[in-house]
Amino acid sequence: LSPERLQAGGSGPLYLKLRQTLEEAINTGKLNHGDALPPERDLADYANISRVTVRKAVDDLVKDGLLVRRHGSGTFVVKPVSKVEQSLSRLTSFTEDMARRGLTTRAQWLDRGLFHPSPDEMMILGLPADALVARLGRLRIADDMPLAIERACISSEFLPDPARVTGSLYAALAQRGCRPVRAVQRISAYNIKEPDAALLGVPPGVAGLSIERVSYLASGRVVEFTRSLYRGDAYDFVAELTLSD
Ligand code: 16G
């Protein structure tokens, strides 16, 4: 955003030129999804234009959905992403889902080790008070785009050495003969807050999907209790409904 470029060349209102400059910066990746725009006052001072002009350009981009204003925290860039459509009828893993779409998965580890379970973990996994659980907290990334934060909790009986899980959790469970065969999933709406927003690369306050999955072995024992936070702008969960008789 150089003041010289804004003032120079071309006819048309200044606010349109600023709008175009900002749009170009978004499209060429100089400004990225989740980036905060400098305050309108600073933009006006820097480009040597009036605040009214800046406000008009920003209003325009907000109307077109390229910027979003968050009360109290500023104006942020919104880059539309192509959504991942995820079936709700198959019990698959993140790695498998992404591989099917030709995307490569990567994880940023947030947490990985053996811990004492919290009361709700103890209850859901059906564990005694002295049991240990493996906790695997990951930011899940597909082709460099962060999609979800997942915090899995598994009884140490099924996963005694969580530090050895470097890739797919379900592959690690399968290796130990305890890949889940059934799961119950609860999805609810959630506004993504910091520090999760920063990890997911979205402005704080945007819509997310909070998902809890409890999965079972064929024997009926609970093997996994996972709490996840998915980006609402990147995920559609799709269920097929049939008429039962
Ligand atoms: C999915 C599951 C999660 C499971 C993970 C295993 C949802 C909402 N969550 O992301 O519960 O732990 O897959 O993935 O679908 P992995 O085998 O690639 O580690």
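Basis of the calculations
- Residues numbered from 1 in each chain as written.
- Predicted model: local features only at pLDDT ≥ 70, side-chain atom pairs only at ≥ 80, totals over all residues.
- Heavy atoms only, no water.
- Buried < 20%, exposed > 50% of the residue type's maximum accessible area, 1.4 Å probe, protein only.
- Helix = DSSP H or I, 4+ residues; strand = E, 2+ residues; numbered from the N terminus.
- Pairing = 2+ DSSP bridges.
- pLDDT = per-residue confidence, 0-100.
- Expected span 1.5 Å × (residues − 1).
- Arc of directions from axis to C-beta.
- Contact = heavy atoms within 4.5 Å.
- Lys, Arg positive; Asp, Glu negative; His and termini not counted.
- Salt bridge = Lys/Arg side-chain N within 4 Å of Asp/Glu carboxyl O.
- Polar contact = N/O pair within 3.5 Å; in protein donor to acceptor, adjacent residues only side chain to side chain.
- Axes fitted to C-alpha atoms, helices over the stretch in contact; angles between N-to-C directions.

Quick look at the pairing of strand 3 (residues 84-87)
- Going residue by residue along strand 3, you find Val 84 and Gln 86 tucked away on one face and Glu 85 and Ser 87 left uncovered on the opposite face.
- As paired strands, strand 3 and strand 10 (residues 235-238) are joined by four bridges and run parallel to one another. Paired with Ser 87 across the two strands is Val 238, which belongs to strand 10.

Regarding the confidence of the model for the protein
- Averaged over the protein, the pLDDT score is 90; the fraction of residues at 70 or greater is 94%.
- Quick note on the complex model: pTM equals 0.74, ipTM equals 0.97.

Topic: helix 4 (residues 51-63)
- With 13 residues, helix 4 should reach 18 Å at 1.5 Å per residue; the first-to-last C-alpha distance of 18 Å fits that figure.
- Of the residues making up helix 4, those classed as buried are Thr 53, Val 54, Ala 57, Val 58, Asp 60 and Leu 61. One side of helix 4 carries all its buried residues, which in axial view fall inside an arc of 155°. Structural note: helix 4 exposes Val 52 and Lys 63 on the side pointing more than 90 degrees away from its buried face.

Describing the side chain of Asp 97
- For Asp 97, the position within the fold is in helix 5 (residues 94-100).
- When residues no more than four places from it in sequence are discounted, the contact partners of Asp 97 are Gln 86 and Thr 92.

Focus: the side chain of Arg 138
- Within the fold, Arg 138 resides in strand 5 (residues 133-142).
- No salt bridge is formed by the buried Arg 138. Its closest oppositely charged neighbour is Glu 150, at 4.2 Å.
- Engagement of the side chain of Arg 138 in a polar contact is seen with the backbone oxygen of Gly 167, the distance being 3.3 Å.
- Among residues more than four places away in sequence, those in contact with Arg 138 are Ala 107, Gln 108, Trp 109, Leu 110, Ala 148, Ile 149, Glu 150, Gly 167 and Leu 169.

Some thoughts on unusual backbone geometry
- For the bond running from Glu 194 to Pro 195, omega is 5°, close enough to zero to count as cis.
- Of note, Asp 143 is a non-glycine position whose phi angle comes to about 45°, a positive value.
- By the element assignment, Asp 143 lies in the loop between strand 5 and strand 6 (145-155).
- The backbone phi angle of Asp 144 is positive, close to 70°, even though this residue is not glycine.
- With relative accessibility at 60%, the residue Asp 144 sits in the exposed group.

Some details on the pairing of strand 6
- Extensive coverage of strand 6 is indicated by the burial of nine of its 11 residues.
- Alignment of strand 5 against strand 6, held across 10 bridges, turns out to be antiparallel. When the sheet's bridge partners are listed, Leu 139 is paired in strand 6 with Ile 149.
- Where strand 6 meets strand 9 (residues 222-231), seven bridges bridge the pair, whose relative direction is antiparallel. Pairing of Cys 153 across the sheet is with Phe 225, part of strand 9.

What about the sheet that holds strand 9?
- Judged by pairing direction, the sheet is antiparallel, and its six strands sit side by side in the order 4-5-6-9-8-7 without closing on themselves. Two strands bound the open sheet, and with one partner strand each, they are strand 4 (105-115) and strand 7 (182-191). Across this sheet, the average inter-strand angle for adjacent strands is 15°, counted without regard to direction.

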